Amino acid sequence: LQGTATAAVAATGVLGAPWIRRAQAAEFVYKLGHDLPASHPFNKRLLEAAEMIKRDSDGRLEIRLFPNNQLGGDPDMFAQMRSGALEIFASSGANTLSSLVPKTAIWTVGFAFKDYSQVFGALDGELGAYLRGLINKAGLEVQQNVWDNGFRQITSGAKPILSPADLKGMKFRVPPGRLWISLFSALGASPATISFNEVYLALQSKLVEGQENALAIIDSAKLYEVQKYCSLTSHAWDGFWLVSNRQTWQRLPSNLRDIASKHLNAQALKERQDVAALNASLQKSLEAKGMVFNAPDIQPFREMLRKSGYYGEMQKTFGAEEWGLLEKVTGRLA
Ligand code: X2X
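A separate point is the site of the ligand. Around the ligand lies a shell of 13 residues, among which Asp35, Asn149, Arg152, Arg173 and Asn213 are the nearest. At 2.6 Å from an oxygen atom of the ligand is found a side-chain nitrogen or oxygen belonging to Asp35. In this structure, Asn149 approaches the ligand through a side-chain N or O atom, which is 2.9 Å from an oxygen atom. Summarising the interface, the protein chains cover 100% of the accessible area of the ligand, which totals 270 Å² for the free molecule.

Structural data, given as structure tokens:
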């Protein structure tokens, strides 16, 4: 009873006690979990979205961020999201989401996208709509806009990767997701699936000798402390979908869903610009931190994939329709 009275006072502002109002819990508190460091633009833009959502919903919906794998590794968070324990999860399609919806892994295809205009041409266009349809069919709700993780580059500890020969037999970390294994096996490495929260230690202890990620992650997760070389291969682009289980998302009244989607999608566009700018400028600051860069000729890498039958295998995996949507933007790959 007392609580109700306090809430009524707070809601009307009677007695001029604004501090009581601030102490009120939001009607809906939704957690959003992801694997990137708090200092990454992804988290910063999500924080801004959360503020705007709180403001525009008059405090009814609070999105609480849990960056940096605070809620567990990606497969854990994915399971929490499916059960509804985690309301929103930022999943790389090529990573955990593909364990449920295998065809979301298509952006892992090696050397598929040449630049950002191809990436977002595809993902804001027909390919993206196709993927969201598959995600919806699997019982998940997904926000419209993909967030940018970036073009991925190879790092290593003992020697630089100048050609595929340097990858031969190398113990190499890849994210969870079968197709990451296909790609790096086809390139001759000896890939191992490791969830991102364990990557720094795995590199430091030399459980693996190399990994691949975008420069914004190599910097914000301080991977330069445990890796010496960076080869600018841009061998795959990667991004994040914001996904929820359908019941969890639909528990929100529709006006709150609209407010949340509007701001999350708008911030995704800003985050894309942040990440693209960072990835273009970070080489210098990573060099200052001791990393040694090289820009290998990527033709031998592509040639190796072609010769090993990798593209044919990918084409079969994704099927004519999805592959067609990809090649419509990238041109012929196989
Ligand atoms: O696990 C990774 O390497 C990361 C952070 O890039 C993804 O989530 C795919």
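Moving on, we get to unusual backbone geometry. The phi angle at Lys206 is positive, at roughly 65°, despite the residue not being glycine. Mapped onto the fold, Lys206 is located in the loop between α9 (199–204) and β8 (210–213). Looking at Lys206, the relative accessible area reads 60%, which means it is exposed. For Ser234, which is not a glycine, the phi torsion comes out positive at approximately 40°. Along the chain, Ser234 falls in strand β9 (residues 229–245). Ser234 gets classed as partly exposed once you look at its relative accessible area, which sits at 28%.

What follows concerns the pattern of salt bridges. Where charged atoms from two side chains of opposite charge approach closely, those side chains can pair. Applying the stated criterion across every chain yields a total of 13 salt bridges. Note that Arg55 and Asp56 form a salt bridge whose closest N and O atoms lie 2.9 Å from each other. In this structure Arg55 comes out as exposed when scored by relative accessible area, which is 53%. What makes Asp56 partly exposed here is its relative accessible area of 30%. Each of Arg45, Glu48 and Asp274 takes part in salt bridges that share partners, so that together they form one network.

Before going further, it helps to spend a moment on the side chain of Gln153. Tracing the sequence through the fold places Gln153 in strand β5 (residues 147–156). The class for Gln153 is buried, based on a relative accessible area of 7%. Of the polar contacts made by the side chain of Gln153, one reaches the backbone nitrogen of Ser234; its length is 2.7 Å.

Moving on, we get to the side chain of Asn265. Structurally, the position occupied by Asn265 is in helix α12 (residues 254–288). When its relative accessible area of 13% is taken as the criterion, Asn265 is described as buried. Of the polar contacts made by the side chain of Asn265, one reaches the backbone nitrogen of Gln144; its length is 3.4 Å. Contact partners of Asn265, with chain neighbours within four places excluded, come to Gln143, Gln144 and Asn145.

Our focus in this paragraph is the nonpolar core. Core analysis: the largest hydrophobic core is formed by 55 residues, its most contacted members being Val109, Phe113, Leu167, Phe184, Trp237, Trp241 and Trp323. Looking at which element gives the most residues to this core, the answer is helix α14 (residues 310–330), with 7 residues. Excluding anything up to four places from it in sequence, Trp237 contacts Trp107, Phe113, Tyr116, Val119, Phe120, Leu123, Val146, Trp147, Asp148, Gly150 and Phe151.

Roughly 220 Å³ of internal volume is contained in the second largest pocket. Partitioned by chemical class, the residues of the lining of the second largest pocket number 7 nonpolar, 4 polar and 3 charged.

With that settled, consider empty space enclosed by the protein. Rolling a probe over the atoms, with the probe sized like a water molecule, indicates the empty space that remains. Taken as a whole, this structure holds 1 cavity of 30 Å³ or more when the rule is applied. Residue lining of the largest cavity: 15 residues in total, with Asp35, Asn95, Asn149, Arg152 and Asn213 positioned closest to the centre. Grouping the constituent residues of the lining of the largest cavity by class yields 6 nonpolar, 4 polar and 5 charged.

Moving on, we get to the packing of helix α3 (residues 41–56) against α12. Contact geometry of α3 with α12 gives a least axis separation of 8 Å together with a crossing angle of 155°. Classified by the angle between their axes, α3 and α12 sit roughly antiparallel to one another. Between α3 and α12 lies a crossing of right-handed hand. Judged by residue contacts, Pro41, Phe42, Arg45, Leu46, Glu48, Ala49, Met52, Ile53, Arg55 and Asp56 of α3 engage Ile259, Ala260, Lys262, His263, Leu264, Gln267, Lys270, Glu271, Asp274, Val275 and Leu278 from α12.

Calculation rules
- Residues numbered from 1 in each chain as written.
- Predicted model: local features only at pLDDT ≥ 70, side-chain atom pairs only at ≥ 80, totals over all residues.
- Heavy atoms only, no water.
- Near = heavy atom within 4 Å.
- Polar contact = N/O pair within 3.5 Å; in protein donor to acceptor, adjacent residues only side chain to side chain.
- Areas by Shrake-Rupley, 256 points an atom, 1.4 Å probe, with all protein chains shown as cover.
- Helix = DSSP H or I, 4+ residues; strand = E, 2+ residues; numbered from the N terminus.
- Buried < 20%, exposed > 50% of the residue type's maximum accessible area, 1.4 Å probe, protein only.
- Salt bridge = Lys/Arg side-chain N within 4 Å of Asp/Glu carboxyl O.
- Contact = heavy atoms within 4.5 Å.
- Core = buried A, V, L, I, M, F, W, Y, C linked by side-chain atoms within 4.5 Å.
- 1 Å grid on protein atoms, 1.4 Å probe; cavity = no way out; pocket = protein on both sides within 12 Å on 5 of 7 lines; lining within 4 Å.
- Points joined across faces, edges and corners; volume = space filled by probe spheres on them.
- Nonpolar A, V, L, I, M, F, W, Y, C, P; charged D, E, K, R; others polar.
- Axes fitted to C-alpha atoms, helices over the stretch in contact; angles between N-to-C directions.
- Parallel < 35°, antiparallel > 145°, perpendicular 65-115°, else oblique.
- Left-handed = near helix turned anticlockwise from the far one by under 90°.

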